[in-house]
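# Remarks on the overall topology
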Amino acid sequence: MTGIRGDRSRGARLLLVVATTMMLAGCATATTGPPGASPSASPSPTPTAACPQIEGVDLPPDCAPYDPDHAMAQNERYRDRVDLSEESRAAAEEPAAAVRTGLETLRASGDLSVNAVEEVFATAGLAGVQTLGDERAVAFGAAAPEGGCIFGEVSADTLTVEIGGVIMDGGCLPAVGH
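Residues numbered from 1 in each chain as written. Predicted model: local features only at pLDDT ≥ 70, side-chain atom pairs only at ≥ 80, totals over all residues. Heavy atoms only, no water.

### A look at the side chain of Ser88
Summarising the element assignment, Ser88 is placed in helix α3 (residues 86–109). Ser88 sits in the buried class, given a relative accessible area of 10%. Polar side-chain contacts of Ser88 include one of 3.1 Å to the side chain of Ser85. Not counting residues within four places of it along the chain, the set of residues in contact with Ser88 comprises Glu146 and Gly147. (Helix = DSSP H or I, 4+ residues; strand = E, 2+ residues; numbered from the N terminus. Buried < 20%, exposed > 50% of the residue type's maximum accessible area, 1.4 Å probe, protein only. Polar contact = N/O pair within 3.5 Å; in protein donor to acceptor, adjacent residues only side chain to side chain. Contact = heavy atoms within 4.5 Å.)

See below:
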């Protein structure tokens, strides 16, 4: 029974065999490298390690060079403050003076605590103060009325209150152990 039905079946099988052969042939000729690159082009080595640049020393081709001093300096940039406009600085002078007066009174009384420092800021009309410390010393930072920060530290021995921009990490007080 090799009628019309048998011829179609053989034709379908033949088509399937040809398509499978073409797909497998395409897989066998795959190249490494970017599309369109000639198979004879040799790829450049891909760096697999970061190596510090040292004057007079040639680095292996698998190294990505870097300047360790520059990298360390960049690692500390989170503490840098952005520039503050004169208008923002002027708007922060009055609340900073109130904070300085309140913290000086607190320091002289010997009742230093995180809560007491936060109360001084609230009395000066500043909300959202960030604090870090205990009864020995408290670092603080709060958003100033028109941008920037009022920040510093208070302890039994010292008091600093400064006005400046926010730090690169955001906020007014750098994170500990960063």
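### Brief notes about the nonpolar core
The biggest cluster of nonpolar side chains holds 21 residues, and the ones touching the most others in it are Leu103, Val117, Phe121, Phe140 and Ile150. Mapped by element, the contributors of at least two residues to this core are α3, α4 (114–123), β4 (137–143), β5 (149–155) and β6 (159–164). Other than its neighbours up to four places away in sequence, Phe121 contacts Val99, Leu126, Val129, Phe140, Ala142 and Ile150. (Core = buried A, V, L, I, M, F, W, Y, C linked by side-chain atoms within 4.5 Å.)

### Some words on the state of the cysteines
Under the criterion given, the structure shown has two disulfides. There is a disulfide in this structure between Cys51 and Cys63, and the S-S distance comes to 2.0 Å. Where Cys51 bonds to Cys63 through sulfur, the torsion about that S-S bond is close to -50°, and the disulfide is left-handed. A residue pair is termed long-range when its members are at least 10 positions apart, and Cys51 in strand β1 (residues 49–52) and Cys63 in strand β2 (residues 63–66) qualify at 12 residues. The burial state of Cys51 is the same as that of Cys63; both residues are buried. Cys149 shares a disulfide with Cys172; S-S distance 2.0 Å. (Disulfide = S-S within 2.5 Å.)

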